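Observations on the three-dimensional arrangement
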There are 2 protein chains.
Amino acid sequence: MTAQILDGRAVAAGILDDVKHDVGEFIKEYGRVPVLATVLVGDDPASHTYVRMKANRCRDVGMNSRRIELDASITTETLVNQIRELSEDPEVDGILLQHPVPDHIDERAAFEAIAPSKDVDGVTRTSFAMMAFDEGGFASATPGGIMALLDAYDIPLAGKHAVVVGRSPILGKPVGMLLLARDATVTYCHSRTADLAEQVARADVVVAAAGRPELIRGEWIKPGAVVVDAGYADNRGDVEFEAAAERASYITPVPGGVGPMTIATLLAQTIRAARAHETARQNSAIPARNQ
Amino acid sequence: MTAQILDGRAVAAGILDDVKHDVGEFIKEYGRVPVLATVLVGDDPASHTYVRMKANRCRDVGMNSRRIELDASITTETLVNQIRELSEDPEVDGILLQHPVPDHIDERAAFEAIAPSKDVDGVTRTSFAMMAFDEGGFASATPGGIMALLDAYDIPLAGKHAVVVGRSPILGKPVGMLLLARDATVTYCHSRTADLAEQVARADVVVAAAGRPELIRGEWIKPGAVVVDAGYADNRGDVEFEAAAERASYITPVPGGVGPMTIATLLAQTIRAARAHETARQNSAIPARNQ
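Residue indices follow the written sequence of each chain, beginning from 1 at its first position. Chains carry letters and ligands carry numbers; both start at the beginning, A for chains and 1 for ligands, and go up in the order they are written. Under the rules for a predicted model, residues below a pLDDT of 70 receive no local features and side-chain atom pairs below 80 are neither given nor counted, while totals for whole chains, interfaces and linings still include all residues. Here the side-chain values reflect all heavy atoms present in the structure, with hydrogen atoms and water set aside.

Split by domain assignment, chain A resolves into domain 1 (31-116) and domain 2 (141-259). What marks off one domain from the next here is an automatic or database domain assignment. Summarising the inter-unit geometry, the C-alpha centres of domain 1 of chain A and domain 2 of chain A are found 28 Å apart.

Attention now goes to the interface of chain A and chain B. Pairs of residues are marked as contacts when any of their non-hydrogen atoms sit within 4.5 Å. Taken together, the 30 residues of chain A in the interface contact 30 residues of chain B. Both faces considered, chain A and chain B share a buried interface measuring about 2900 Å² in area, 56% of it formed by carbon and sulfur atoms. Of all residues in chain A, Arg125, Phe133 and Leu180 of chain A give up the largest surface area on contact with chain B, accounting jointly for 21% of the area buried on that side. Here, a salt bridge means any side-chain nitrogen of Lys or Arg that lies within 4 Å of a carboxyl oxygen of Asp or Glu. Taken together, chain A and chain B are joined by 8 salt bridges. When the shortest N-O distance is used, the salt bridge between Glu135 of chain A and Arg125 of chain B registers 2.8 Å. Within 3.5 Å is the distance limit for a polar contact, defined as a pair of N or O atoms, with the added protein rule that one can donate a hydrogen and the other accept it, and that residues adjacent in sequence qualify only through two side-chain atoms. Put simply, chain A and chain B have 21 residue pairs in polar contact (both at pLDDT 80 or more) between them. Once two parts are put together, the accessible area they lose, assessed with a 1.4 Å probe and summed over both, is termed the buried area.

To describe a pair of aromatic rings, one takes the distance between the centres and the angle between the planes. Pairing of aromatic rings covers Phe, Tyr and the six-membered ring of Trp, with a centre-to-centre limit of 6.5 Å; geometry is then stacked below 30 degrees between planes, edge-to-face above 60, and tilted otherwise. Counting across every chain of the model gives 8 aromatic pairs over all chains. Centre to centre, the rings of Phe128 of chain A and Phe128 of chain B are 5.8 Å apart; their planes meet at 15 degrees, and the pair counts as stacked. Linking Phe128 of chain A in helix H5 (residues 125-132) with Phe128 of chain B in helix H5 (residues 125-132), this pair reaches from one chain into another. Of the two residues examined, Phe128 of chain A and Phe128 of chain B, each falls in the buried class. In textbook terms, an aromatic cluster arises when at least three aromatic residues are bridged by ring pairs, as seen for Phe128 and Phe133 of chain A together with Phe128 and Phe133 of chain B. To qualify as a helix, a DSSP run of H or I must reach at least 4 residues; to qualify as a strand, a run of E must reach at least 2; elements of each kind are numbered from the N terminus. Summary of the burial criterion: residues with accessible area below 20% of their type's maximum are buried, those above 50% are exposed, and those between are partly exposed, where the area comes from a 1.4 Å probe applied to protein chains only.

Let's shift gears to the pattern of salt bridges. Two side chains that carry opposite charge are able to pair once their charged atoms sit near each other. Residues and elements named next belong to chain A. For the structure shown, the criterion picks out 34 salt bridges over all chains. Across the pair Glu112 and Arg108 runs a salt bridge, and its minimum N-O distance is 2.8 Å. With Glu112 and Arg108 both in helix H4 (residues 107-112), this residue pair falls 4 residues apart, about one helical turn. Of the residues examined, Arg108 reaches a relative accessible area of 13% and is grouped as buried.

So this is what it looks like as structure tokens:
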């Protein structure tokens, strides 16, 4: 293997250390603990595990998590109302709706009930457009984590050709927009792409986000390319790791690559949201004649 | 020349005929005339011309336009408040803010003051995300017009490689998302793209939206490709027309290609907005016990 590993675990640990420090400062300054609310619908074991991991990381960095668990049979309306309550609750800084939700629920309606100022998982339409327009909103957590990982290794993006395989609203589409905002030339491939091998073979940076194990063959990778594997189905990535690592200059392992970066981004965005909320409160408390 | 012309003037005329018919039906059904409000800031002659053309087309199809003209010196806050009033005005169905606005104004804040249900020019973050997520919102007018033009000639998109040159929030980015929603493989190129000629040479469909006259050389076009020129700077397109038309299968002229489609899309979306407003009013008028 010739590629250098993009060590998401190590980079995420560094980010979480910074978050922990920021949380300490925040508590000293404002006398309260930041809160991430997690909403889980139904009893999918993997989703329970993810939510528990997120709650554990919250505790590690000194934040509180508030876990809302709802029965799989609830209606969209009930879920939307629950999330709206959290959006209006002054004690809650960030809201995460664990997806996927059961099929009968309108996931988009539930996402849109999250106040943009608390959308620390970057799932709302507003957050997506702000990513696309480079307006500094909250990034979708996995795409934001991928960018932070590339930055940690000083990987140049401007003028490079990035190929994103996958086009989901919370992974493929936003990561492409974040790469475009960093001046990469960006190609979106997907299940209907006619010549996936050729498209991937031209990439300086490949982001695999299709959720199909080992869809991307190692032999397709251009020598020296950077390979980011955001797949996770069946505990395997979307990229044929061993063969790709023979050709790539940098590559993420699965697990230990993108996964840890997702949680780190979520918590980094939560402390950022908490600070923004306190700043907004202070500004609105200034008497009108001073504004 | 071997390419067939994508005749935007003729296709737009057909769409405007349909809109005129729909407006007639709407007036009979609801006893009022749909209204498009146009907001113009400052005295750029080209912008005045565009707004006047839009008002004329409104009249042609039987809709009313309400023209708001504001001094170039107004603040963002004044403009935002003006647009909010239009968003809340039950007589207004669609709102168009003519861009560009003067540099001191926060254009994004002004766009976001447009209620998504009246965003018939497709400029808000909500409209952008709904385009990207294929959720059936209002398309940005020019990208929506481009798609309607391609559809009028039954040009296949699924599995084709589309290259978009340009990445503005109301043209390049949304047209790429609309092409992606139609299952094209989509590449975004821009001023930092290292190998524009090579990228364009691989395209089955080229959408030129850079605003740089004749940036795209005819010799770059793959034989048989479809060429859509959304440029208009200095009355010239972004594509070297004569040379490109020797190689393309279909090509838009400038003028008479994308331009007329933009206004047609704007008005088609305005009558759609008017119907949606009436439907929403009827639903909210139903007594609660029947809901």
